[in-house]
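Architecture at a glance
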Amino acid sequence: MSLTLYHNPRCSKSRATKALLDERGLSYDTVLYLEHPPTTDELERLIAMLGLPGARALMRTGEPAYKELGLADVEDEEALIVAMSEHPKLIQRPIVVKDGRAAIGRPPEAVLDIL
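Residues numbered from 1 in each chain as written. Predicted model: local features only at pLDDT ≥ 70, side-chain atom pairs only at ≥ 80, totals over all residues. Heavy atoms only, no water.

**Regarding the pairing of strand β1 (residues 3–7)**
Rules: Whether a residue is buried, partly exposed or exposed follows from its accessible area with a 1.4 Å probe, protein chains only, as a fraction of its type maximum: under 20%, in between, or over 50%, in that order. Helix numbering and strand numbering both begin at the N terminus, where a helix is a DSSP run of H or I of at least 4 residues and a strand a DSSP run of E of at least 2. Two strands are said to pair when DSSP picks up at least two bridges between them. By convention, a crossover is right-handed whenever its connection, traced from the first strand over the helix to the second and viewed with the strands pointing away, goes clockwise.
Counting buried positions over the 5 residues of β1 gives 5, a clear majority of the element. Of the two faces of β1, the one carrying Leu3, Leu5 and His7 and the one carrying Thr4 and Tyr6 are both buried. Pairing of β1 with strand β3 (residues 95–98), which is carried by 4 bridges, proceeds in the antiparallel orientation. What sits directly across from Leu5, in β3, is Val96. In this structure, β1 lies alongside strand β2 (residues 29–32), joined through 4 bridges in parallel fashion. When the sheet's bridge partners are listed, Tyr6 is paired in β2 with Val31. A crossover links β1 with its parallel partner β2, the connecting element being helix α1 (residues 12–23), and its sense is right-handed.

**As for the nonpolar core**
Stated formally: The definition of a nonpolar core used throughout is a set of buried Ala, Val, Leu, Ile, Met, Phe, Trp, Tyr and Cys residues joined through side-chain atoms within 4.5 Å. Contacts are assigned to residue pairs that have any heavy atoms within 4.5 Å of one another.
Core analysis: the biggest nonpolar cluster contains 22 residues, and Leu58, Met84, Leu90 and Ile95 have the highest contact counts within it. Secondary structure elements with two or more residues in this core: α2 (40–50), α3 (64–68), α4 (77–86), β3 and β4 (101–104). For Leu58, the residues in contact, after removing those within four places along its chain, are Leu43, Ile47, Leu50, Leu52, Met84, Leu90, Ile91, Gln92, Ile95 and Ile104. Ranked by size, the runner-up nonpolar core spans 9 residues in total, among them Leu5, Leu21, Tyr28 and Val96.

**With respect to the pattern of salt bridges**
Once the charged atoms of two side chains with opposite charge are near each other, the side chains can pair. Short version of the rule: A side-chain nitrogen of Lys or Arg and a carboxyl oxygen of Asp or Glu constitute a salt bridge if their distance falls within 4 Å.
Following the criterion strictly, the structure yields 3 salt bridges and no others. Note that Glu63 and Arg60 form a salt bridge whose closest N and O atoms lie 3.3 Å from each other. The exposure classification of Glu63 matches that of Arg60, with both residues buried. A salt bridge links Lys98 to Asp99, with the nearest nitrogen and oxygen atoms 3.8 Å apart.

**Notes on the packing of α2 against α4**
Just so we agree on the cut-off: The angle between two axes is taken between their N-to-C directions and runs from 0 to 180 degrees, where each axis is a line fitted to C-alpha atoms and a helix contributes only its stretch in contact. Throughout this description, any angle smaller than 35 degrees is read as roughly parallel, any larger than 145 degrees as roughly antiparallel, any in the 65 to 115 degree range as roughly perpendicular, and the remainder as oblique. Here a crossing is taken to be left-handed if its near helix is turned anticlockwise relative to the far helix by less than a right angle, and right-handed if that turn runs clockwise.
Where α2 contacts α4, the axes come no closer than 9 Å and their chain directions differ by 110 degrees. Looking at the two axes, α2 sits roughly perpendicular to α4. The chirality of how α2 crosses α4 is right-handed. Residues Thr40, Leu43, Glu44 and Ile47 of α2 form the contact with α4, whose own contacting residues are Glu78, Ile81, Val82, Met84 and Ser85.

Take a look at the structure:
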């Protein structure tokens, strides 16, 4: 079993999701995605694994960078993915990936569906 947590230690939902995994005694890799942003290819895979309709569904549209970069007016999927790779604060968090499936931990219990 391969389990990965895309984690932001400063985010309460991310910390709660990590605690949920720890309480179950699960072993997982932690990706501190603000320090090591996912590549555009990784983001495309995450969007597909999450079953999202597009890149914008993975974005935190309330982040200042979203407005500063004028992303509300961008329709190009690739440009949105590049923006998330270059500005990882734009990525919804936390994300748990297991065996080709993924879930966003909002709420943290949402990741239980893929475990």
